[in-house]
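Structure assessment
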Amino acid sequence: MSQQNQPVTTLPAADAVRRRLVPVLFVGVFMAALDSAIVGPVLPALRAAFGIDNRTAGLLSTVFSLSSMCSTALMAYFSDRHGRRPVYLASVALFAIGSLCIAAAPSFDLLLLSRAIQGIGAGGIAPAASAVIGDVFTSERRGRILGLIGATHGMAFVLGPPLATVLTSTMGWRWLFLVNIPVALVVLSLGWRSLPGKRTDAVPGPIDTAGIALTLLFLLCLVLGISRLADSATGMLLWPWFLAASGVLLAALVAIERRQAHALIPATLFANRQLAFVYLLTLGVGFSMGGIVFLTTIATLAYGVSVEHAGLALLPLVLCSMVGSMAAGRLLHHLGARNMVIFGFGLLTLGYLQSAVPQTGLSAFVVASVLVGIGLGVVVSGALRAIAIDEAPPALRGTAQGLINIFNAVGTLLAVTCISAIADFEGGGLTGFSHAYLVMALSMLVMLCIAFGLTRKSSASVAGSTPSAGS
């Protein structure tokens, strides 16, 4: 792809643009994160409204995750080709259209289709926002803003369930999605004026249609293989075939992308040793996020916490994740991304190791939750994204950020599948979950060792390049 050079603007004008950008990016990412957090509380209302069972209602999350993951690579690719502003605004607009269609859906089938539209929009918001941060902000300010963006998921987890409960009980479940419309309109209005436009007049090369098709098929087969959704729906053993198909598709994708001049997923990104480490570590970050899912099960099995109050057992973890993410973002420029990642995975190793020993009591469980929360907040705070911003060519920043989202999502799916499989293999009791979290701790230890392979400062940071804002 052609190198994209931003026009020079005066310092006061650039500062004004940057000040307007932060709320535009934060609100967009937070809106998408919040919508994932409200699904759980709204499921009973959906079951009553459409007369569906729990398995069918669970498709709401599955469809969103799958469509979001598949759209991430595509949206990131187009943001590198056509600029951040059109892709970010199109993603927000698609998210709003999906929200409106969900609220108006007369049947559950149309609701699922609308949820897929919403997921396609959500898939483009975070990578485009991260690429804008790399394009516009200096390295001194990137960490703080990436930390704020990274804290959105913790904030959404805290604010989403009570907000969903209040709106569902007072105004109805459809208003949970209608409230996205005015928020999206504000983001679109402010974003049109403040987001940087296309930074080059060069005509982009031909679209990598073969790469797009193979990537979408690969992700579809990979998700169906890991999650075993098709097995649950049909009662047949299909997941090995989907995993085998994903392996064949991956090999074909690599062969094709190596020959493409304008590849959807350029091989040069993986040839960079630091970026390869970043993507491997991001897979570990997703794995650590998936490990949170069953901590409430340990709380109920080991400490007698009631099912109704099990969610409260994660409150210390979520709050510490928010604080850890914002604090790590502020410290990122001073301590360096490598040190932050090492520190984060070190805490995750200790936290999950403590979770694997439930005999130590509820207070030790809370301590473990705090360690996991802070560690998770640190590793999602933006350290890995900052390395990707520094190491990836400016013309490929969107794609580099999109791959982080994809590896993160795959890691989360793997963790949920692995923990449930280990626990079920040993009867689904406390012993099974204890062994599963021991595996989690060992995987975090492996990630900690890999993190030592990161350089103390990436080449772009050493060069000290300072981006400028412009449209």
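See the structure above.
Reading the values: rules and limits
Residues numbered from 1 in each chain as written. Predicted model: local features only at pLDDT ≥ 70, side-chain atom pairs only at ≥ 80, totals over all residues. Heavy atoms only, no water. Helix = DSSP H or I, 4+ residues; strand = E, 2+ residues; numbered from the N terminus. Rg over C-alpha atoms; globule rule 2.2 N^0.38 Å. Buried < 20%, exposed > 50% of the residue type's maximum accessible area, 1.4 Å probe, protein only. Contact = heavy atoms within 4.5 Å. Areas by Shrake-Rupley, 256 points an atom, 1.4 Å probe, with all protein chains shown as cover. Expected span 1.5 Å × (residues − 1). Salt bridge = Lys/Arg side-chain N within 4 Å of Asp/Glu carboxyl O. Core = buried A, V, L, I, M, F, W, Y, C linked by side-chain atoms within 4.5 Å. Patch = residues over 30% accessible without salt bridge, like charges linked within 9 Å, V, L, I, M, F, W, Y side chains within 5 Å.

**So, the overall build of the chain**
Counting secondary structure elements, the chain contains 22 helices and 0 strands. For a compact globule of 471 residues, the expected C-alpha radius of gyration is about 23 Å, and the chain comes in at 22 Å, within 12% of that figure. Overall, the chain is about 60 × 50 × 45 Å in size when its C-alpha atoms are taken along their principal axes. Considering the chain as a whole, with its 471 residues, one finds that 54% of them fall into the buried category. Long-range contacts, defined as pairs at least 24 residues apart, comprise 84% of the intrachain contacts of the chain with a sequence gap of at least 6. Accessible surface, the chain as shown: approximately 19,400 Å² in total, 70% of it carbon and sulfur.

**Considering the side chain of serine 91**
Among the secondary structure elements, serine 91 is positioned in helix H4 (residues 84-104). Ignoring anything within four residues of it in the chain, the contact list for serine 91 reads Met75, Gly121, Gly124 and Ile125.

**Focus on helix H10 (residues 209-227)**
Owing to its 3.6 residues per turn, the α-helix aligns residues three or four sequence positions apart on the same side. Compared with the 27 Å implied by 1.5 Å per residue over 19 residues, the 27 Å span of H10 between its first and last C-alpha is a close match. If you check which residues of H10 are buried, you get Gly211, Ile212, Leu214, Thr215, Phe218, Leu219, Cys221, Leu222, Val223, Leu224, Gly225 and Ile226.

**Points about the pattern of salt bridges**
The full count for this structure, using the stated rule, is 4 salt bridges. Between arginine 84 and aspartate 80 there is a salt bridge; the shortest N-O distance is 2.7 Å. In this structure, arginine 84 and aspartate 80 share a single accessibility class: buried. Between arginine 397 and aspartate 135 there is a salt bridge; the shortest N-O distance is 3.0 Å. Highlighted residues: arginine 397 in helix H20 (residues 397-425) and aspartate 135 in helix H5 (residues 108-136), separated in sequence by 262 residues. The buried category is assigned to arginine 397, whose relative accessible area is 11%.

**Regarding helix H17 (residues 337-355)**
The terminal C-alpha atoms of H17, which comprises 19 residues, lie 27 Å apart, in line with the 27 Å expected from a rise of 1.5 Å per residue. Within H17, 14 of the 19 residues are buried, which leaves the element mostly enclosed by the surrounding structure.

**Some thoughts on the nonpolar core**
Counting 132 residues, the largest nonpolar core has Tyr88, Leu111, Trp173, Leu281, Phe345, Tyr352 and Tyr437 as its most contacted members. Ranked by residues supplied to this core, first place goes to helix H1 (residues 11-37) with 12 residues. Tryptophan 173 has contacts with Val42, Ala45, Leu46, Ala49, Phe50, Ile102, Leu111 and Thr168, leaving out every residue within four places of it along the chain.

**Description of the environment of leucine 214**
Assignment of secondary structure puts leucine 214 in helix H10. Remark: the alpha-carbon pair of leucine 214 and serine 246, spanning 32 residues in sequence, is separated by 9.6 Å. Apart from residues no more than four positions distant in its own chain, leucine 214 is found in contact with Leu249, Ala252, Leu253 and Ile256.

**Side note on a nonpolar patch on the surface**
Side chains of Leu353, Leu438, Leu442 and Leu445 sit close together on the surface and give an oily, nonpolar patch of about 330 Å² of accessible area. Per element, the largest residue contribution to the nonpolar patch is 3 residues, and it comes from helix H21 (residues 430-451). Along the chain, leucine 445 falls in helix H21. Residue leucine 445 is classed as partly exposed on the basis of its relative accessible area of 38%.

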